[in-house]
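Chain by chain, the residues run as shown.
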Number of protein chains: 2
Amino acid sequence: MVATKSMERTLVAQLGEREGQEVLLSGWMHTIRRLSKFAFLLIRDASGVAQVIVDSKEQLSLLAELQDESVLEVVGTVVAEPNAPNGFEIHKPRIRLLSPVRDVVPFPINKGTLNANLDTILDNAAFGLRHPHKRAVFTLSAAAMAGFRKHLNEQHFTEITTPKIVASATESGANVFRLDYFGRNAYLAQSPQFYKQMMVGVFERVFEVAPVFRAEPHSTTRHLNEYVSLDVEFGFIQDHRTVMKLLTVLIQAMVTHVLDHCKTEAALLEIKPPVMPIEFPSIFFPDALELIYTRYGDDCREEPDLSPQHERWLCEWALEQYQSDFLFVTGYPSSKRPFYTHPDPVNPRYTNGFDLLFRGMELVTGGQRLHLYADYVKALTDRKLPLEPFSGYLDAFRYGMPPHGGFAIGLERFVMLLLNGQNLRETTLFPRDLNRLTP
Amino acid sequence: MVATKSMERTLVAQLGEREGQEVLLSGWMHTIRRLSKFAFLLIRDASGVAQVIVDSKEQLSLLAELQDESVLEVVGTVVAEPNAPNGFEIHKPRIRLLSPVRDVVPFPINKGTLNANLDTILDNAAFGLRHPHKRAVFTLSAAAMAGFRKHLNEQHFTEITTPKIVASATESGANVFRLDYFGRNAYLAQSPQFYKQMMVGVFERVFEVAPVFRAEPHSTTRHLNEYVSLDVEFGFIQDHRTVMKLLTVLIQAMVTHVLDHCKTEAALLEIKPPVMPIEFPSIFFPDALELIYTRYGDDCREEPDLSPQHERWLCEWALEQYQSDFLFVTGYPSSKRPFYTHPDPVNPRYTNGFDLLFRGMELVTGGQRLHLYADYVKALTDRKLPLEPFSGYLDAFRYGMPPHGGFAIGLERFVMLLLNGQNLRETTLFPRDLNRLTP
C-alpha cells in the first residue's frame, strides 16, 4: 500500500509543470498494453490521459486481474518523453487500487470513436458517458448554459426559478403529464411561460434555465418528453423585432462563448462554426410558403405551419442567399400560435410570433405577447377557453403590464445543431421518450 | 400622443448622468399625490423610483382616472432637486399610457412595508411580488445561485442537467409524486442523487441547480413540496471531511457574493451578515445529544435524529462557544441515512454523513457515499431493497467509481436563513404546499 494520504493530487494536465518530481495521479485505467517485461498503463482523469510505464513484477501482478475502468492512484516520477500522449510519462510507479473492476465492460470506451449503437450506449449511460467524445458534448452543453446566463446578466436580466408542478396546462390541455397532488390533479409545466410573463411585471427582464415536460406520445429524433428550456422574457419592447434583436445577439454570444471556452472539445468533435451574419435574415411566413412553392415546387401556400422539410429548404436558401446558418421566420398564423401571442397589427390573421431556424431546424420559438387585460379576456373567449383557471396569471395584466415578449431555446437542440447532429439523444445525458424512462 | 418610438429609454438609475436633458422614462405609476394645481407622480422601473412634477391640465386629466400600477412612458426634462427621492426629478412631462389600470389594487405596494398577510400576498403573487422588499428577496436569490455556480466553476466543476421524471423513487418509496407516463408509473425526482453520482464517473466534479419534488403531506414553515436544490458531488475524496471543507468555502463564497452584489437589497432587508469563522465548528452526533442533555436537560441520548429544537440549541451553543452561525453535525446514525451513505469505518453504527446547521436550522445534508459495487449490493440487501430498479445506477459502481461525496443546499432555505426569516414561502416565488398549487 502506498502512503498517499499526505500527497496532493496532480491532474494529468499539470504534468508538464512537474517534470522530474514525484507526483500522485488519480483516475481510471483507460487501457493497458501488456508486453513481455512491462506494460503501458494509460490513466485517465477529468483533465486528460497519461502514460505510465509499469515494470516491477509486483505492480504488474496487481494489474494482471484488473479490467479497464478500474480506479487507481499512481505515485511516480514525471519524465519527459516526446512519444507519450502529452509529452510526459510516469516512471517507477507505485499503484494503489481504489475501485477494482472485475466485470468486463459492456463496450470499449478507450477507442477514438464509440463503437456501440445508441440504444446500447443509452442503456449503459453511467459507463458510456465516460467516453471522451460524450464528455466533450456535455462540456459544450455546460458552456452553452454559462454563455446564455453570462450574456443576459450583462443585459441586466434577473434569473428566476418557477414551479414545475402547476394546477392547469399552460398552452393546451393535450400533451401534459398528469400528476396526483395529494388527491388533486396537477400537471407538469410545459413551459414557464405564464410565470416568466408575470415576472416581467416584477423585474422587467427575466430568464430561467429549467426542465420542461411535454407528453407528446411520439418518438422522433427531434423531440424528447423532457428537456432543458432556456427561457427569456422582457418588457418595454416595441414589438417582436425588439425580441429578435436581443435573441440574435444572445445566440452570437452563446456560440462565441462555447467555441472560446471549449477549444479542445470543439476540435475533438470537429465542430464547424456556424455562419452568422451580424443581422440574421428574416422572412415573413406567407413569403416563406411562396418561396418554397417557387423554388422547390411544393405548393404549401395554404398551410398554417412549416414541415421539417420546409424548414430545411428555407435554411438552404438562407445560407445561399444571405450566407447565414440562421433564419428568422416571422408572422406565423394566429391559428397555430398560443392565445397570448400578439397579433400582427397590420394583418391580425398573422402574429408577431417568430421562429428562429438553425441549420434546417427550428431552434427557438418566440414573439411579442398580449399585454392588456381586455385583450386576454377576448383571446381566451375567442378560443372558447375559460378564464378561471388562468386567474392568477391574468392578474398580472389587470394591474399593469408593459408591452413585452420573449422566447425559449432548447438547450439540447442548440448543442445538437451546433454539432451538426441528428438526434437529441446524443446531446441529452439521460433522455426521456415514449420508450425510455431509465436509467 | 408622444412620439417616443425613436427615443432611447433612460432608466431611473441613470438620471444623474442626464441632468438638463430630455429623457424617456418607462415604468409603473408607483403612486401619485394630487395637490390642487399639480401632482407628484412617482414612476418605478427595474432600477428605482423617480419623481415627476405634473402641472399641465391635459396631463393631469389623463392621470385622473388611473389607478396605481398603470404602465406609463414619460418624456420630460431632468432637473436637480435635492428633496426628490434620488436627487433629480422630471419637469414638463408628456405622458403616454401603455397599460392603464382601472381596477383598484388588492393591497398597497407603494408603502415601505407590505401590509397584507402572507396568504393574501401569495394569492396575488403577480402583483405582490412587485413590492420592492419582495423584489429584493429574489434579487438575493438570483445572486445566491450565481455565487454558487461561480465558485464551483472556479473549482473546475461541470454543470449538469439530469431528468426529473424517473422510473423509481430515489431514496424511499414514500414521499414521491406519482405520474402517468404513457400508461406506465413514473415519479418526480426527489433529488438528482443517483445521477450526480453517476456523473462523478464522467466528470469527477459536478453540480446541478434544479427543482426537486417531495410529496410530504405536511404544511410547515420549514418545508415545501417543490424547491430548488443546489447539488454538488465530487470524486477522489479522503472521506466526508473533504466534502465539508469544500462546502465551507463554498458557503463563505456564496454569502460574500450575495452581500457584495446586493448591497442595496441587503440594506433594504436589513440583513445581518452571518458570523463565519474560517473553519466551521463541527460536533459528532452522539456528542451533540450528550451536550443537549447536559446543557439543556433534554435526555435525547437514545434518539436517532435531531429535532428542530435540538438544532436551535446546538446553534445557540456554537455561536456562544465558537462565534459561528454555522455548525456541522457529523456521524448521523446509519438507520436515519439513505443506503448509499458511507459508514463510519471506526463505528459502523454511525455514518460519514453530516448536516450543516445555519442559525438554528438544517441547511445542507451531505456526506461520503459508498463507492464499491459489492458494498451497494450489501447495503440494499441489508435494507431488504431489490437490486433491479437500481441497475442503471449500480452500473456506475460496477465499472469503477472513486471514493466520492457531496451535498445539497436548499436555495430558498439559504435565502430565508440569510434574512433571519421564518417561512420558506417568503423566499419562494410561487410556493407549492399541501394546500397551495396556484398561482
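The structure displayed is predicted, hence computed values, not measured ones. (Residues numbered from 1 in each chain as written. Chains lettered and ligands numbered in written order. Predicted model: local features only at pLDDT ≥ 70, side-chain atom pairs only at ≥ 80, totals over all residues.)

S.K.: Provide a residue-level description of the overall build of chain A, including the pertinent values.
M.R.: Per the secondary structure count, chain A includes 12 helices and 16 strands. In terms of principal-axis extent, the alpha carbons of chain A reach across some 85 × 55 × 40 Å. Taken across its 439 residues, chain A has 49% of its residues classed as buried. In chain A, the share of contacts with a sequence separation of at least 24, taken over all contacts with a separation of at least 6, comes to 63%. (Helix = DSSP H or I, 4+ residues; strand = E, 2+ residues; numbered from the N terminus. Buried ≥ 20, exposed ≤ 12 C-beta atoms within 10 Å, placed from the backbone. Contact = placed C-beta atoms within 7 Å.)

S.K.: Run through the pairing of strand β16 (residues 404-410) of chain B, naming residues and quoting values.
M.R.: All names here are of chain B. The buried count for β16 comes to seven of seven residues, which makes it a mostly enclosed element. Neither face of β16 is left uncovered, since the one carrying His404, Gly406, Ala408 and Gly410 and the one carrying Gly405, Phe407 and Ile409 both have all their residues buried. Summarising the sheet, strand β11 (residues 226-235) and β16 pair through seven bridges and their orientation is antiparallel. Residue pairing across strands places glycine 235 opposite histidine 404, the latter belonging to β16. Direction of pairing for strand β15 (residues 361-368) relative to β16: antiparallel, over a ladder of five bridges. (Pairing = 2+ DSSP bridges.)

S.K.: Mind laying out the packing of helix α8 (residues 285-296) of chain A against helix α9 (residues 308-322) of chain A, listing which residues take part and the relevant values?
M.R.: Residue and element names in this part refer to chain A. Contact pair α8 / α9: the axes reach a minimum separation of 10 Å and the direction vectors enclose 80 degrees. Classed by the angle they form, the pair α8 and α9 counts as roughly perpendicular. Seen from α8, the contacting residues are Ala288, Leu291, Ile292, Arg295 and Tyr296; seen from α9, they are His310, Trp313, Leu314 and Trp317. Taken together, the residues that form the contact of α8 with α9 break down as seven nonpolar, one polar and one charged. (Axes fitted to C-alpha atoms, helices over the stretch in contact; angles between N-to-C directions. Parallel < 35°, antiparallel > 145°, perpendicular 65-115°, else oblique. Nonpolar A, V, L, I, M, F, W, Y, C, P; charged D, E, K, R; others polar.)

S.K.: Account for the relation of the copies chain B and chain A, with residues named and values stated.
M.R.: Overlay of chain B on chain A (RMSD 0.0 Å): rotation 180 degrees, translation along the axis 0.0 Å. The symmetry that links the two subunits is that of a two-fold axis. For chain B, the minimum C-alpha distance to the rotation axis belongs to B:Leu179 and amounts to 2.3 Å. Take the interface residues of chain B: 100% of them recur as interface residues in chain A, which is what a same-surface contact looks like. (Least-squares fit on C-alpha atoms with pLDDT ≥ 70 in both.)

S.K.: Summarise the domain arrangement of chain A; cite the residues concerned and give the values.
M.R.: Domain boundaries in chain A define domain 1 (12-99) and domain 2 (127-426). The distance between the C-alpha centroids of domain 1 of chain A and domain 2 of chain A comes to 47 Å. (Domains from an automatic or database assignment.)

S.K.: So, the sheet that holds strand β10 (residues 205-213) of chain A: which residues are in play, and what are the values?
M.R.: Residues and elements named next belong to chain A. Here we have eight strands laid out as an open sheet, ordered β6-β10-β11-β16-β15-β14-β13-β12, and mixed in their pairing. If you trace the sheet from one side to the other, it starts and ends with β6 (158-159) and β12 (282-284), each paired once. This element, α8, spans β12 and β13 (326-330) of the sheet and lies at about 90 degrees to β12.

S.K.: Explain the sheet that holds β11(B) to me, and be specific about the residues and the numbers.
M.R.: All names here are of chain B. Taken together, eight strands build an open sheet; the order of strands is β6-β10-β11-β16-β15-β14-β13-β12 and the sheet is mixed. Since the sheet does not close on itself, it has two edges, and those belong to β6 (158-159) and β12 (282-284), each with one partner. Sheet analysis places β6 next to strand β10 (residues 205-213), joined by two bridges and oriented parallel. Bridge pairing links glutamate 159 to phenylalanine 207 in β10. Along the sheet, helix α4 (residues 132-154) makes contact with β6, β10 and β11, crossing β10 at roughly 155 degrees.

S.K.: Give me the lowdown on the interface of chain B and chain A, citing residues and values where you can.
M.R.: Between chain B and chain A, the residue contacts involve 76 residues of the former and 76 residues of the latter. In terms of residue class, the side of chain B that touches chain A is made up of 44 nonpolar, 14 polar and 18 charged.

S.K.: For the packing of α4(B) against helix α12 (residues 411-418) of chain B, give the residues involved together with the corresponding values.
M.R.: Residue and element names in this part refer to chain B. Interaxial distance between α4 and α12 falls to 10 Å at its minimum, and their mutual angle equals 120 degrees. Considering their axes alone, α4 and α12 lie oblique with respect to each other. Viewed along their axes, α4 and α12 form a crossing whose handedness is right-handed. Judged by residue contacts, Val137, Leu140, Ser141, Ala144 and Met145 of α4 engage Leu411, Phe414 and Val415 from α12. Partitioned by chemical class, the residues of the contact of α4 with α12 number seven nonpolar, one polar and no charged. (Left-handed = near helix turned anticlockwise from the far one by under 90°.)

S.K.: Lay out the nonpolar core with the relevant residues and their values.
M.R.: By size, the foremost hydrophobic cluster in this structure holds 250 residues, and its most contacted members are A:Ile43, A:Ala144, A:Val329, B:Ile43, B:Ala144 and B:Val329. If near-sequence neighbours (up to four positions away) are discounted, A:Ile43 is found in contact with A:Leu25, A:Gly27, A:Trp28, A:Met29, A:His30, A:Ala50, A:Val52, A:Leu72 and A:Val74. (Core = buried A, V, L, I, M, F, W, Y, C linked by C-beta atoms within 7 Å.)

S.K.: Residues and numbers for the pairing of strand β13 (residues 326-330) of chain B, please.
M.R.: All names here are of chain B. Of all five residues that make up β13, five are buried, and the element is covered over most of its length. Side chains of β13 alternate between two faces, with Phe326, Phe328 and Thr330 and Leu327 and Val329 buried alike. Pairing between β12 and β13: three bridges, direction parallel. The residue bridging isoleucine 283 from the neighbouring strand is valine 329, located in β13. Across five bridges, the pairing between β13 and strand β14 (residues 353-358) is antiparallel. For phenylalanine 326, the partnering residue across the bridge sits in β14 and is phenylalanine 358.

S.K.: Residue-level account of the environment of A:Gln51, with values.
M.R.: Residue and element names in this part refer to chain A. Summarising the element assignment, glutamine 51 is placed in strand β3 (residues 48-54). For glutamine 51, a count of 19 C-beta atoms within 10 Å translates into the label partly exposed. In this structure, the C-alpha to C-alpha distance between glutamine 51 and glutamate 208, residues 157 residues apart in sequence, is 43 Å. Filtering out sequence-adjacent residues up to four positions away, glutamine 51 remains in contact with Phe40, Leu42, Ala84, Pro85 and Glu89.

S.K.: A description of the environment of A:Phe213 should follow, citing residues and the corresponding values.
M.R.: Considering the arrangement of structural elements, one finds A:Phe213 in strand β10. Distance from A:Phe213 to A:Arg295, taken between C-alpha atoms, is 37 Å for residues 82 residues apart in sequence. The contact partners of A:Phe213, leaving out residues within four places of it in the chain, are A:Phe177, A:Leu188, A:Ala189, A:Gln190, A:Asn225, A:Glu226 and B:Ile165.

S.K.: Describe helix α4 (residues 132-154) of chain A, with residues and values.
M.R.: Its 23 residues give α4(A) an end-to-end C-alpha distance of 33 Å, which sits within 8% of 33 Å, the value for a rise of 1.5 Å per residue. A:His156 occupies a position one or two residues after α4(A) and carries a positive phi of about 65 degrees. (Expected span 1.5 Å × (residues − 1).)

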